[in-house]
Structure formats: structure tokens, C-alpha cells
Amino acid sequence: MSGENDCTTPITLRARHVLPMAADPIENGWVRIQRGRIAAIGRGQPSGPVADLGDAIILPALVNAHTHLEFSDLDRPLSTGGGLPVWIERVVAMRRSRAASGTDEAARLRAAVASGLEESAAAGVTAIGEIATAVHPLTTHAGPLVRVFRETLGLSPAATRVARSALLRDLDQMNGEGACTGISPHAPYSVAESLGRQVVGEAVRRRLPVMMHLAESRDEAELLATGGGAFRTLLEQLGAWQPDALPRLLPVADWITLLARAPRGVVVHGTFLPEDQAALSRLARHRDRLCVVVCPRTTLALSGRLPPVEAFRAAGIRVAIGTDSRASNPDLSVLAECRALVEGGVVSPREALTMATTQGAWALAFERRCGLLASGRFADLVILRPASRHADPSEAVLDPATQVAATLRRGRVIAGALP
Ligand SMILES: [Zn+2]
């Protein structure tokens, strides 16, 4: 079987478990694929030729709702000791030393993104929420679908002018190349209010989703409340904080109101949102268009705690899951992120898989493209091979010994192989 099943001949995959996510798990189930879409889903013995996957599990392909693929060439994460401002200092130092070393940054970036896409496909992912600081080198159309959120930041009037024009230029180029895009004001400590209002206005005009790191650390809250602390020191060191032109920064609650103007908005992390009731209740009020993406292993490494998923769920807010980058995380495995939440007692295996599929698709405004298995939908799915039997198929999916056998996007194998 070549995997070239986006032709007119249907293929039917049979497996011990099919988890459509939009409906209850099906034991002894099957999925029929034709022309890249799901033609039917059923239980028992399907008619016609069948590829029998045995004890396998078929799940909607995973969605990595937040990452930065530019760091996918790192063998191991940068040290996360000391918290977020210190880690950011290390990222900036790495970027500066690369620039000084004279390496071909465009070539390195292309290779890093290609490696991240390949690693993602091998981990069962077909859709990615990617943060990019320039035009994204989409190296392949055969891999996962990427929504590129062009990141922007700037505090001084001069920096915000440069940032805004670079953002518009890059969005025009990427949209001209047919990329799915979005806009990402970086964070409340790095984006002046004026720039934030301009770029969210641009997202409204272009009908693009937005994504922003919010309430990620206590240092962020301190800067916004007092104008001081570790972020102030860092920004001064970087030359981004000029005493003669103090930037106007927005509190997190006001950012949430601003993001809610866009057609879809994603709050990344939100680790300390439960300590800011005004912000949390505003997020709950706008839950028809805003959601949260948590990155459990990165949050644990940088903040010493797991994300407050219970607080978001109690407020009725959708929660998706992401890996963040290999600058803070050892790999791009969405299933490993799910495991971190389940092992921490934060969610059930089934809830974690909902975050990694349907909720992730919604976060990226891809809910019509992926995230669940149903007739008529694109055949974006992952086939998993458990090492042992489990009564609960969601538990089997999250068993660390379970292997990804194949990842299909629109019915085509983009990683692994069918039998
Ligand atoms: Zn991030």
C-alpha cells in the first residue's frame, strides 16, 4: 500500500478502536477514505477491501496549537533555570551569537522549520499554530497544515513603526503565496499599546486570528503593575526601554478585550490568569471567540507549575495544547504534553485528547479542516499502535510505549506507513 489513497479508489482502515472525538469511541471500528475525505465511519465488518490495522487506534490527527519552529534544530532546550526573563535573555544571546557568527540564517531557518515539520508529522500532528518572526519558509506542502502567526513587538515609537511596516509586508507576501496567516502581538511586556491597537486592527481588517503570550510569569505582572522588576531590567539591557519615551503598556484584562475584536483569538499560557480575576472573567465573557493554549512542559520548566486548566474549564473557556518550542522543551510531542497534564492529575486522558484535537483545531480557526473524524471531513488522522491492551483507548493513546504508526493528512500518508 503506497499511501496514495487520495485517488478515486476508496480505502477502508479497520482498527480495534476508532476515536472520532465528535462521537463515542467505536470498538472494532473502521474509517473509509476517498478523495482525501472520510466517506464513512462504522463498526464491525465493512464491505469491500479492507486494510486491517489489528490492535491499532485511529484518532483525529493532533493539533499543536502553539510552537516556534525556528528553534527545531536545537538538540536540547536552553536552560530554563531562573524563570522567563532570564530564559528570554538566553534566547536573545543565542540569536545575537548566530548573527555574529556569519552563518546563513535563512538557510538555517529553512532547515529548522523543515525539521520541525517532519518531527511534528512523525508525532501524529497535521496542524500547527506557528509563531514566526519573519516570512515563514514553508518548505513543504506535503506536511502539516501551518497557520503562521507573524509575531510583532516594539515599545518605542520608532520600533513600533518599523515593526508595523515589516508585519504588513510579510503578511502580504505570505498571503500572496497562499499561506494561512494570523497576527501575534508578542506579549504585554514587549508590545506598546499603540502597536497592539494597530496590529489587532489589521487582524480585524484582514479577518485573521490573533495569538498572544499573556500572563506567563509573575515578572510580567510586576512590570505591568509597577513598571519595575526583572523585565524592566532586561528591557533596559536590551536597549528596548528608553527612559525618555516610556511606553504605554496595557494590563492583561485590556489585552483580552482588544484581542476579542479579532475574529478568533488565542491566549497562550495564561499561567497566572487565575490570580487576575478581572482578566479571567473578561476571557470567559469572550469565550465565543477567545480560547487558551497551554504548553504544560514549558510552563512546568519555566514557572514550576502545571497550567491552570481547571480554572479555564470551570469558566467554560476552551483549552488547546501546544508544545512551545525546542528552546524550552525537549521535543514537539503533543502526546507528551497531554501526558504531563494527565500525570499531574489536571485532566482525564479523554479530556487531554479533546484539547489536542477538536479544541486545537478551533484555536487555529481550522475547525472545518481537522480535529475530528466524521463523514465528509478531511481524512486527517493518526494511527497509533499500543504496546499492550488497555480497557480505555484514550489511556492507550497516552501510554508512553504507544507508537505512531502513520499520520495521514487529507488521506495521504505524511509520516510512517500503512500496512
Ligand atoms: Zn511561545
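Residue positions are given per chain, counting from 1 as you read along its sequence in written order. Residues qualify for local features only when their pLDDT is at least 70, as the model is predicted, and side-chain atom pairs are given and counted only at 80 or more; totals for whole chains, interfaces and linings, by contrast, use all residues. For side-chain calculations, the full set of non-hydrogen atoms in the structure is used, while hydrogens and water are omitted.

(A) Molecular detail of the pattern of salt bridges. Salt bridges are counted wherever a side-chain nitrogen of Lys or Arg sits within 4 Å of a carboxyl oxygen of Asp or Glu. On inspection of all chains with the given rule, the structure shows 23 salt bridges. The residue Asp52 makes a salt bridge to Arg14 at a minimum N-O spacing of 3.1 Å. Placement of the pair is Asp52 in strand β4 (residues 51–52) and Arg14 in strand β1 (residues 11–18), with a sequence separation of 38 residues. Per-residue accessibility, obtained with a 1.4 Å probe over protein chains only, is compared with the maximum for each type, and a residue is labelled buried under 20%, exposed over 50%, and partly exposed between these values. On the accessibility criterion, Asp52 (47% relative accessible area) is partly exposed. Judged by relative accessible area, which is 13%, Arg14 ranks as buried. Of the charged contacts, one joins Glu351 and Arg313 as a salt bridge, the two residues approaching to 2.7 Å between their closest N and O atoms. With Glu351 in helix α12 (residues 349–363) and Arg313 in helix α10 (residues 309–314), this residue pair connects regions lying 38 residues apart in the sequence. Residue Arg313 is classed as partly exposed on the basis of its relative accessible area, which comes to 39%. Connected through salt bridges with shared partners, the residues Asp73, Arg98, Glu105 and Arg108 form a single ionic network. Helical segments are the DSSP runs of H or I of at least four residues, strand segments are the runs of E of at least two, and each set is numbered from the N terminus.

(B) View of the coordination of the zinc ion. At 2.1 to 2.7 Å from the zinc ion lie its protein donor atoms, namely His66 (NE2), His68 (NE2), His213 (NE2) and Asp324 (OD). Each of the four donor atoms around the zinc ion contributes to a set of angles spanning 82 to 165°, which defines the coordination as irregular. For Na, K and Ca the donor cut-off is 3.2 Å, while for other metals it is 2.8 Å, and in both cases only N, O and S atoms qualify; water is not among them, so sites may look incomplete. Along the chain, the residues that donate to the zinc ion are spaced as H-x1-H-x144-H-x110-D. With His66 in strand β6 (residues 62–67) and Asp324 in the loop between β13 (319–321) and α11 (334–343), this residue pair connects regions lying 258 residues apart in the sequence. For the residue pair His66 and Asp324, the accessibility class agrees, reading buried in each case. Any site counts as irregular unless it has four donors with all angles between 85 and 135 degrees, making it tetrahedral, or four or six donors with opposite ones more than 155 degrees apart and the rest between 65 and 115, making it square planar or octahedral.

(C) Structural view of the domain arrangement of the protein. Domain annotation of the protein identifies domain 1 (11–61 + 372–416) and domain 2 (62–363). Just so you know, the domain bounds were taken from an automatic or database domain assignment. In this structure, domain 1 and domain 2 have C-alpha centres spaced 31 Å apart. We call two residues in contact whenever any of their non-hydrogen atoms come within 4.5 Å of each other. Facing the 23 residues of domain 1 at the interface are 24 residues of domain 2. In this assembly, domain 1 packs against domain 2 so that about 1800 Å² is buried in total across both faces, 68% of it on carbon and sulfur atoms. Area buried by domain 1 at its contact with domain 2 is led by Met21, Leu398 and Arg409, which between them contribute 36% of it. Linking domain 1 to domain 2 there are zero salt bridges. We define a polar contact as two N or O atoms separated by no more than 3.5 Å, with the added condition that, inside protein, one atom must be a possible hydrogen donor and the other a possible acceptor, whereas residues neighbouring each other in sequence contribute only through side-chain atom pairs. The interface formed by domain 1 and domain 2 holds four residue pairs in polar contact (both at pLDDT 80 or more) in total. Mapped by element, the contributors of at least two residues to the side of domain 1 that touches domain 2 are β5 (57–60), β14 (381–385), α13 (393–398), β15 (403–409) and β16 (412–416). Of the residues contributing to the side of domain 1 that touches domain 2, the split by class is 17 nonpolar, two polar and four charged. Two parts lose some accessible area (1.4 Å probe) when they are put together, and adding that loss for both gives the buried area. Residues are grouped as follows: Ala, Val, Leu, Ile, Met, Phe, Trp, Tyr, Cys and Pro are nonpolar; Asp, Glu, Lys and Arg are charged; all remaining types, including Gly, are polar.

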